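# Overview (structure and organization)
Single-letter residue listing:
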Amino acid sequence: MIQGMIMLTTAVSLKSLKPTCTNGVCNKASTLQIVFFYTSLYTIALGSGGTKPNISTFGADQFDDFNPHEKELKVSFFNWWMFSSFLGALFATLGLVYIQENMGWGLGYGIPTVGLLFSLFVFYLGTPIYRHKVRKTKSPAKDLIQVPVTAFKNRKLQLPNNPSQLHEHEPQHYINSGKRQVYYTSIFRFLDKAAVKDGNSGRPPCSVTQVEGTKLVLGMLLIWLVTLIPSTIWAQINTLFVKQGTTLDRNLGSSFQIPAASLGSFVTLSMLLSIPMYDRYFVPFMHRKTGNPRGITLLQRLGIGFVIQVFAIAIAYAVEVRRMHIIRVHQIVGPKEIVPMNIFWLLPQYVLLGIADVFNAIGLLEFFYDQSPEDMQSLGTTFFTSGIGVGNFLNSFLVTMVDKITGRGENKSWIGDNLNDSHLDYYYGFLLVISTINLGAFLWASSKYVYKRETKEVNEGCIEMDSKALEISPLGLQV
C-alpha cells in the first residue's frame, strides 16, 4: 500500500508523469502516464486487500478470551476501531480535499503517504509485545472442501437418531492440541453425513467440530447475502444523494456555496458522535436489562441498524417527493436550474445513515469475526469488506438497469442525466420496497441462525463449554 501511495504521489508531482496543460486546457495523457497512474491505483488496491481483512482481526486477537477482564474490553474493541477509522476519514474529507484543491495534489497525496510510513514505523515498534495466535491447523480452509465432499460421498448413509453417535474426537484430543471443540447444532443437517461412522469405508469420517465449522461459514454466508441491499443503500451517499444535492440551493450566506459532496461528512460526524454514546451509555443500560455483555446480541444490533436504514431511505423518498413538487410548481425543466429548496433538507437522511452504521457496519464486522471458525477470523472480516464491495457493484447494476428499462422509447427515465426532468422519487420508492423486503429476509435468516457453541477453556485437563441460551428477543432474533 505504501509503495502504491508513493507511486501515486510521484504520478501527480513529476511533470514527466502528468499531462501538459496550457491555460487550463490539458493534453491527452500518454500511454506511459496512464499505465503508471493505474499501476499506482491497483497497487494500493492490492495492499488494501491484504491489510483490511487482517488488521482488525489482528487487533481483536490481542485480547485473551480466557481472561475475563480482557474479554470484557474486547466487547468495545470494534466500536473504537471503527471510531478511529472514521476519524481518519473525516480528516481526509475535510482536510485533505481542501489541500488537494488549493495547495496541490502532490501535497494532498504526500501527507497520507508520510502518515502511512509513520504508522508502519509505530507498528514495528510494537512487534515485541504483540500476541500472535498459533495456527493449530496447516490449512484452515481445507474443511470447507473436505466436509461437503465427504457428505456427498456418504449421501446414501443413514443419519443416526442421536447426534452423539456422529464421529467426534475425545476431549483429550482438544486438550492436547489446544484447539476448541465446536458442539453440534441442528442446522444444515445434510452436512452431518460427513461425520457418519461407516465401518465399511476405509476413509475416516470428519469430526463434528469440522462439520460445525463448515456450518458456521454457510450460516455467515446466509447473513452476508441479506446485507448486500443495506450496502447498496449506503452507496447512495456518494452517488445519487450528491447528484440530488447539486440541484438544490447550496448558498450559505451571500458568498459561500456548500459543495454537494460535503454533506457526506455528516455521516461520519453522526457516527463519531454516536459510537461513544452507544459504547458508554447504550451498552451498559442494555446490559443491566438483558445480562448480555454486549447489551444486545449481534443479530439484534444488525436488525436495529437495518430498520434505521429503512427509515432513512423513507425520508429520502419523502424529501424527493417534495423536491419534485417544487419543480412542478416553479416549472423547472433545465438540468442546471436550481430548485428553490435548501440543501439541508437532505441532512436527516445522511445523519440517519450514519447512526445506522453504528449498528450494522460495526455489528457486521464484529459478527463475522466472532462467528468465524477458529483460525479463520480473517475470512470473517473478508465477508465484511467483500459485502461493501459487492453492494457498490449491485448499486451500479441497479442504476444502469433501471435507467435503461425506464428510459425506453418516449418514457421519462427515473435516473436521467437531468434530475429535474426525471423520477428519482420512483427509484427511491423502489429502494424502500426492496429494503423492506430485505429486512423481512434478514429476520427470517436470523431466526434460522444458530450461534457458535464451543469450548471456552482448555486448562489442566478440564474443558468448559461456552454455551448460550437460545431465546427469542422482541425483534424475533436469537440471543
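Up top is the structure these notes are about.
Treat the numbers as computed from the prediction; the structure is a model and nothing was measured.

## Re the overall build of the protein
Helix and strand counts for the protein stand at 14 helices and eight strands. Seen along its three principal axes, the alpha-carbon backbone of the protein occupies a region of about 80 × 50 × 45 Å. By residue count, 43% of the 479 residues in the protein fall in the buried class. Contacts spanning at least 24 positions in sequence make up 76% of the contacts within the protein whose residues lie at least 6 apart. Working note: accessible area of the protein is about 25500 Å², and carbon and sulfur atoms make up 63% of it.

## Structural notes on the pattern of salt bridges
Tallied over the entire structure, the rule returns nine salt bridges. Ionic pairing is found between Arg-294 and Glu-366, a salt bridge with its closest N-O pair at 2.6 Å. Of this pair, Arg-294 sits in the loop between helix H10 (265-290) and helix H11 (298-330) while Glu-366 sits in helix H12 (residues 347-371), placing them 72 residues apart in sequence. Classification of Glu-366 by relative accessible area gives buried; the value is 3%.

## Regarding helix H5 (residues 142-153)
Under the 1.5 Å per step criterion, the end-to-end length of H5 is 17 Å for 12 residues, consistent within 8% with the ideal 16 Å. Among the residues making up H5, those that are buried are Val-147, Thr-150 and Ala-151. Burial along H5 is one-sided: seen end-on, the buried residues are contained in an arc of 100°. The exposed set on the far side of H5, more than 90 degrees from its buried face, consists of Lys-142, Ile-145, Phe-152 and Lys-153.

## With respect to unusual backbone geometry
With a phi close to 50°, Phe-188 is a non-glycine residue in the positive phi region. With respect to the secondary-structure elements, Phe-188 resides in the loop between helix H6 (171-177) and helix H7 (208-225). One non-glycine residue with positive phi stands out, namely Gln-331, at about 55°. For Gln-331, the location among the structural elements is in the loop between H11 and strand E6 (339-342).

## Here we look at the packing of aromatic side chains
In the structure shown here, the tally under the stated rule is 25 aromatic pairs. Between the aromatic rings of Phe-188 and Phe-190, the centroid separation amounts to 6.2 Å while the plane-to-plane angle is 80°, which identifies the pairing as edge-to-face. For Phe-188, a relative accessible area of 26% translates into the label partly exposed. With 5.3 Å between their ring centres and 85° between their planes, Tyr-278 and Phe-359 make a pair best called edge-to-face. With Tyr-278 in helix H10 and Phe-359 in helix H12, this pair connects stretches of sequence that are 81 residues apart. Each member of the pair Tyr-278 and Phe-359 is classed as buried. Counting every residue linked through ring pairs, the aromatic cluster contains Trp-224, Phe-367, Phe-368, Phe-383, Tyr-449 and Tyr-451. Of note, Arg-155 hangs over the ring of Phe-152, and the distance from its end group to the ring centre comes to 4.2 Å.

## Topic: the nonpolar core
Most often, soluble globular proteins keep nonpolar side chains buried together rather than apart. Counting residues in each nonpolar core, the largest one holds 45 residues, and the members touching the most others are Leu-299, Phe-367, Phe-368 and Tyr-449. Listed by contribution, the elements that provide at least two residues to this core are helix H3 (68-102), H7, H10, H11, H12, helix H13 (377-406) and helix H14 (424-448). For this core, the element with the most residues is H12, which contributes 10 residues. The contacts of Phe-368, once residues within four sequence positions are left out, are Met-220, Trp-224, Gly-380, Thr-381, Phe-383 and Phe-384.

## Comments concerning the packing of H7 against H13
When two helices pack together, you describe them by how their axes are tilted relative to each other and by the distance separating the axes. Contact geometry for H7 and H13: axes closest at 11 Å, N-to-C directions at 20°. Classed by the angle they form, the pair H7 and H13 counts as roughly parallel. Relative to H13, H7 is oriented so that their crossing is right-handed. For the pair H7 and H13, the contacting residues are Val-217, Met-220, Leu-221 and Trp-224 in the first and Leu-379, Phe-383, Ser-386, Gly-387 and Val-390 in the second. Taken together, the residues that form the contact of H7 with H13 break down as seven nonpolar, two polar and no charged.

## A look at the side chain of Asp-425
Within the secondary structure layout, Asp-425 lies in helix H14. Lacking a salt bridge, the buried Asp-425 has Arg-328 as its closest oppositely charged neighbour, with an N-O distance of 5.6 Å. Residues contacting Asp-425, with those up to four places away along its chain left out, are Tyr-317, Glu-320, Val-321 and Met-324.

Thresholds, definitions, all that
- Residues numbered from 1 in each chain as written.
- Predicted model: local features only at pLDDT ≥ 70, side-chain atom pairs only at ≥ 80, totals over all residues.
- Heavy atoms only, no water.
- Helix = DSSP H or I, 4+ residues; strand = E, 2+ residues; numbered from the N terminus.
- Buried < 20%, exposed > 50% of the residue type's maximum accessible area, 1.4 Å probe, protein only.
- Contact = heavy atoms within 4.5 Å.
- Areas by Shrake-Rupley, 256 points an atom, 1.4 Å probe, with all protein chains shown as cover.
- Salt bridge = Lys/Arg side-chain N within 4 Å of Asp/Glu carboxyl O.
- Expected span 1.5 Å × (residues − 1).
- Arc of directions from axis to C-beta.
- Phe/Tyr/Trp six-rings, centres within 6.5 Å; stacked < 30°, edge-to-face > 60°.
- Lys NZ or Arg CZ within 6 Å of the ring centre and 35° of its normal.
- Core = buried A, V, L, I, M, F, W, Y, C linked by side-chain atoms within 4.5 Å.
- Axes fitted to C-alpha atoms, helices over the stretch in contact; angles between N-to-C directions.
- Parallel < 35°, antiparallel > 145°, perpendicular 65-115°, else oblique.
- Left-handed = near helix turned anticlockwise from the far one by under 90°.
- Nonpolar A, V, L, I, M, F, W, Y, C, P; charged D, E, K, R; others polar.
- Lys, Arg positive; Asp, Glu negative; His and termini not counted.

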